[in-house]
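Fold and contact review
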Amino acid sequence: FFRFIAKPCAIKLGIQDSGPHRAQPNAILEKVFTSITKSPDGKRLEGLSKQLDWDVQKIQRWFRQRRNQDKPTTLTKFCESMWRFTFYLSIFFYGIRFLWTAPWFWDTRQCWYNYPFQPLTSRLYYYYILELAFYWSLMFSQFTDIKRKDFLIMFVHHLATIGLITFSYMNNMVRVGTLVLCLHDASDFLLEAAKLANYAKYQRLCDAFFMLFGVVFIVTRLGIYPFWILNTTLFESWELIGPYPSWWLFNGLLVTLQVLHVIWSYLIVRTAYKALVRGKVSKDDRSDVESSSEEEDVTSNSTKGVLSTSSNGSNRSNGHVASGQWTEE
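Summarised in this report is the structure supplied together with it. Since we're looking at a predicted model, the values are computed, not measured.

Procedures and definitions
Each chain has its residues counted from 1, running along the sequence as written. Totals for whole chains, interfaces and linings use every residue, but because this is a predicted model, local features are given only for residues with pLDDT of at least 70 and side-chain atom pairs only at 80 or more, for both listing and counting. The basis for every side-chain value is the complete set of heavy atoms in the structure, and neither hydrogens nor water enter the calculation. Patch construction takes residues with relative accessible area above 30% that form no salt bridge. Like charges are linked within 9 Å, and nonpolar side chains (Val, Leu, Ile, Met, Phe, Trp, Tyr) are linked within 5 Å. Calculation of accessible area relied on Shrake-Rupley with a 1.4 Å probe; when residues are assessed, cover is drawn exclusively from the protein chains displayed. Between Lys or Arg on one side and Asp or Glu on the other, a salt bridge is scored when a side-chain nitrogen of the former is within 4 Å of a carboxyl oxygen of the latter. Secondary structure is summarised from DSSP: a helix means a run of H or I of at least four residues, a strand means a run of E of at least two, and numbering begins at the N terminus for each. Whether two residues touch is decided by their heavy atoms; if any such pair falls within 4.5 Å, the residues are in contact. To obtain each axis, a line is fitted to C-alpha atoms, and for helices this fit is confined to the stretch in contact; angles are then taken between N-to-C directions over 0 to 180 degrees. Angle categories are assigned with fixed cut-offs, so that under 35 degrees is roughly parallel, over 145 is roughly antiparallel, 65 to 115 is roughly perpendicular, and the rest are oblique. Handedness of a helix crossing follows the sense of rotation of the near helix relative to the far helix, less than a right angle counterclockwise being left-handed and clockwise being right-handed. Relative accessible area decides the class of each residue, using a 1.4 Å probe on protein chains only: under 20% of the type maximum gives buried, over 50% gives exposed, and in between gives partly exposed. Arc definition: it is the arc formed by the directions from the helix axis to the C-beta atoms. Among buried residues, the Ala, Val, Leu, Ile, Met, Phe, Trp, Tyr and Cys ones that are joined through side-chain atoms within 4.5 Å form a nonpolar core.

Describing a nonpolar patch on the surface
On the surface, a nonpolar cluster with roughly 580 Å² of combined accessible area is contributed by Leu120, Tyr125, Tyr126, Ile129, Tyr169 and Met170. Secondary-structure elements contributing two or more residues to the nonpolar patch are α7 (122–141) and α8 (151–170). Sort the elements by how many residues they give to the nonpolar patch and α7 lands first, with three residues. Tracing the chain through its elements places Tyr169 in helix α8.

Regarding the environment of Glu30
Locating Glu30 in the fold gives a position in helix α2 (residues 27–35). Excluding residues within four positions of it along the chain, Glu30 makes contact with Trp62 and Arg66.

Section: the packing of α7 against helix α9 (residues 174–199)
With their axes 11 Å apart at the nearest point, α7 and α9 run at an angle of 55° to one another. With respect to α9, the axis of α7 lies oblique. Relative to α9, α7 is oriented so that their crossing is left-handed. Between α7, through Leu124, Tyr127, Tyr128, Glu131 and Tyr135, and α9, the contact on the second element is made entirely by Val174, Gly177, Thr178, Leu181, Cys182, Asp185 and Asp188.

So, helix α3 (residues 42–52)
Within α3, burial applies to Leu45, Leu48, Ser49 and Leu52. In an axial view of α3, the angular spread of the buried residues amounts to 105°, which keeps them on one side of the axis. When the buried face of α3 is taken as reference, the exposed residues oriented beyond 90 degrees from it are Lys43, Lys50 and Gln51. Along its buried surface, α3 packs onto α2 and α4 (56–68).

Points about the nonpolar core
Within the largest apolar cluster, 50 residues are counted, with the highest numbers of intra-cluster contacts made by Leu99, Trp104, Leu179, Phe213, Tyr225 and Phe250. Where this core is concerned, the elements lending two or more residues are α5 (74–99), α6 (103–106), α7, α8, α9, α10 (203–241) and α11 (247–278). If you tally residues by element for this core, the top one is α9, at 12 residues. Residues Ala23, Leu45, Ile59 and Phe63 belong to the second largest nonpolar core, which totals 11 residues.

Here you go:
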């Protein structure tokens, strides 16, 4: 997919396959970088300056370039997002087409009639297996894909998702499971579309997709999910089949997911507010590429190219200043 579809699309959009400037070879600085620290403090910078007879600014530039050369290019990030966009969009429309004729899509009480003796149709089976396979692939590819500072959070999220899908499948709760899956897929492809526009530097399109993503996310996760999904798993299931043995565990996981929805919605609203105030979506708090252009080193005090600073002191942007802030699951 990357080689024959995503990469040609990226090249047509003008995204280059060139990485950041490589730092000039230096054995002393390389040893400090690999063995001690990737972001030296002021005292260490002064010591290195005396040892190498370099000015501090030149050493800082070297460390910034050295950090950047290990980061993925914008082309790599575009290809990754395009793959996820393609899957999320395809599986969402597959789910909608399948559920449109399913009785439990219109009446959630149908999820519990004759439970657990409910037939597993081939379309329902393939829908579940495709979703489970994709999240397993995310679990494994997370170790080779772009590394971000929320690696641990996403790892736990993938574990929880795989656990919920497997748990509901083993207990034949696939009807309500398909509703949860389709609901979560409704906003994911919009976020990936915003990322694609961001990497291609279509800022207005990027902001529009992100705003649309925020609206859909909040409506589905704070509206439909609690009043439609949790209502049937908490109350309708109790009324129709009683407190089955796994009722507490299943609903405990779903309620925990709702707590995460509230947190993510807050982050999205905060980002959207900043976008309205500044006239564009603010910079990515989860970005993985630092700016390495020489112009930024020379004009560090200018208003153009001012970058946000992360908790570890490194300046980061998604390949250009007007990058979008993504709040992913």
